[in-house]
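Reading the structure
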Amino acid sequence: MTTAEILAQFPKLSALVVGDICLDRWCTYAPEASEPSRETGIPRIGVVHTEVTPGAGGTVANNLAALGAGRVAVLGAIGQDGFGMELSRALGARGISAELCVRTPAMQTFTYTKAINARTGVEDQPRLDFINTTPLPPEVERQILDNLRMAVESFDVILIADQAETSQGGVITPAVRDLLAELAPQYPERIFFADSRARIHLFRNVILKPNRQEAESACRELFGRVDFPALLRHAQAPLMFVTLGSEGALIVGQASRPARVLQNPLPNPVDICGAGDSFSAGASLALRVTGSPEEAARFGNLVASITIMKKGTGTASPEEVLAAHARETNAGD
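Residues numbered from 1 in each chain as written. Predicted model: local features only at pLDDT ≥ 70, side-chain atom pairs only at ≥ 80, totals over all residues. Heavy atoms only, no water.

For the rest of this paragraph, the subject is helix 5 (residues 174-186). In a regular helix each residue adds 1.5 Å, so 13 residues correspond to 18 Å; helix 5 covers 19 Å between its end C-alpha atoms and thus fits that length. At its buried positions, helix 5 is contacted by helix 4 (138-151), strand 10 (157-162) and strand 11 (191-196). (Helix = DSSP H or I, 4+ residues; strand = E, 2+ residues; numbered from the N terminus. Expected span 1.5 Å × (residues − 1). Contact = heavy atoms within 4.5 Å.)

Written as structure tokens, this is what we have:
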């Protein structure tokens, strides 16, 4: 299928992002306003403008919506706090449904606060993260499990965003992983697509999407060596995409040798933050449309090539994808 034909099918698809749905707060500060506090003498950061966007699994949802998926929803846990209100508004402004999310006073909203220098446009101060380091409250976990069971039949693509880097506090608990492993074989026509920063080796029966560092770390922990086919077999996964940055992506399947899908390297990328999330969004939708891992990897690479040329966790529109495809085609002639 052509890129245009793939894109034309996206409005017919529905996608659910399950996992850690975060709030990104981009705080622009004025260096000249950073005089010491009168009370403590500690230098202050004088924020003059704040922009908020959905982050972590919300970044995947942003990309799904921007690519034109017909319906996009998120399922996670949001605190009953000010950041939770900001996150709900940010999702709604992008047409992403948060109705399946569990709202609770028992935890704070997972939030990244980033300080951007107004003079340089560079994030150059320590980030202030609001994280959860205790287990997910049992009542919240039960509701997430119930919502997932109820919702799975309504979506063509289910993306799992296991973004929490601490051993406690994330939405993708062992019980949630077990339910996903149970559901995936029951719905073989649906795409279950997992991304995890620290626990990719714990998933079963779903498509895996680690980056090279995550895949190699999992292999060394399990086998003491780098062996991607062994990781695939260990996870009983039907397929694995290993993203390789500027080198494209590696496809690892059960019945064939790993194959690399290259992309045209771009000089001086602006911001690679969120590149993996944009790959996941593009590849999972394209895989549902085409059934071809190669087409999915090519499309995911194409989407990521657009977002890395934007500041922050950018997205790619269908028009931008078509333009990028045309540039790649012309460059290859």
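With that settled, consider the environment of Phe155. Relative to the assigned elements, Phe155 resides in the loop between helix 4 and strand 10. A relative accessible area of 3% places Phe155 in the buried class. Considered as a pair, Phe155 and Leu13 are 142 residues apart in the sequence and their alpha carbons are 7.6 Å apart. If near-sequence neighbours (up to four positions away) are discounted, Phe155 is found in contact with Ser14, Ala15, Leu16, Arg71, Ala73, Leu100 and Arg190. (Buried < 20%, exposed > 50% of the residue type's maximum accessible area, 1.4 Å probe, protein only.)

Quick look at the sheet that holds strand 8 (residues 111-117) now. In spatial order, the strands read 3-2-8-9; together these four strands make up an open sheet with mixed pairing. The sheet terminates laterally at strand 3 (47-56) and strand 9 (128-130), the two strands that pair on one side only. Ignoring which end each strand starts from, the neighbouring axes of this sheet average 20 degrees apart. One ladder, built from three bridges, connects strand 8 with strand 9; its direction is antiparallel. (Pairing = 2+ DSSP bridges. Axes fitted to C-alpha atoms, helices over the stretch in contact; angles between N-to-C directions.)

For an α-helix, 3.6 residues make a turn, and residues three or four places apart therefore share a direction. When the terminal C-alpha atoms of helix 8 (residues 275-290) are compared, their 22 Å separation across 16 residues agrees well with the 22 Å that a helix rising 1.5 Å per residue should span. Of all the 16 residues making up helix 8, twelve are buried; the element is thus mostly covered by neighbouring parts of the structure. All buried positions along helix 8 are accounted for by Ala275, Asp277, Ser278, Phe279, Ser280, Ala281, Gly282, Ala283, Ser284, Leu285, Ala286 and Leu287. Backbone geometry just after helix 8 places Gly291 at a positive phi near 75 degrees.

Scanning all chains against the criterion turns up five aromatic pairs. For the ring pair Phe10 and Phe299, a centre distance of 5.4 Å and an interplane angle of 80 degrees mean the geometry is edge-to-face. Taken together, the residues span a long stretch of sequence, with Phe10 in the loop between helix 1 (3-9) and strand 1 (14-19) and Phe299 in helix 9 (residues 293-307) at a distance of 289 residues. For the pair Phe10 and Phe299, a shared accessibility class is recorded, and that class is buried. Each ring, one from Phe110 and one from Tyr112, has its centre 5.1 Å from the other, and the planes form 70 degrees; the classification is edge-to-face. (Phe/Tyr/Trp six-rings, centres within 6.5 Å; stacked < 30°, edge-to-face > 60°.)

As a packed pair, helix 2 (residues 57-66) and helix 8 sit with axes 8 Å apart at the nearest point and diverge in direction by 50 degrees. Considering the angle they form, helix 2 stands oblique to helix 8. Like other packed secondary-structure pairs, helix 2 and helix 8 cross with a definite hand, here right-handed. Of the residues in helix 8, those touching helix 2 at Thr59, Val60, Asn63 and Leu64 are Asp277, Ser278, Ala281, Ser284 and Leu285. Its residues assigned to classes, the contact of helix 2 with helix 8 shows four nonpolar, four polar and one charged. (Parallel < 35°, antiparallel > 145°, perpendicular 65-115°, else oblique. Left-handed = near helix turned anticlockwise from the far one by under 90°. Nonpolar A, V, L, I, M, F, W, Y, C, P; charged D, E, K, R; others polar.)

With that settled, consider the pattern of salt bridges. With the rule as written, the count across this model stands at 17 salt bridges. In this structure, Glu189 and Arg190 form a salt bridge, with 2.2 Å as the shortest nitrogen-oxygen distance. Looking at Glu189, the relative accessible area reads 41%, which means it is partly exposed. We classify Arg190 as buried; its relative accessible area is 17%. (Salt bridge = Lys/Arg side-chain N within 4 Å of Asp/Glu carboxyl O.)

Another point: a nonpolar patch on the surface. Together, Leu266, Val270 and Met309 make up an exposed nonpolar region whose accessible area comes to about 230 Å². Following the sequence through the fold, Met309 ends up in the loop between helix 9 and helix 10 (318-332). (Patch = residues over 30% accessible without salt bridge, like charges linked within 9 Å, V, L, I, M, F, W, Y side chains within 5 Å. Areas by Shrake-Rupley, 256 points an atom, 1.4 Å probe, with all protein chains shown as cover.)

It is worth stressing that arrangement in space is one thing and function is another; only the former is reported here.
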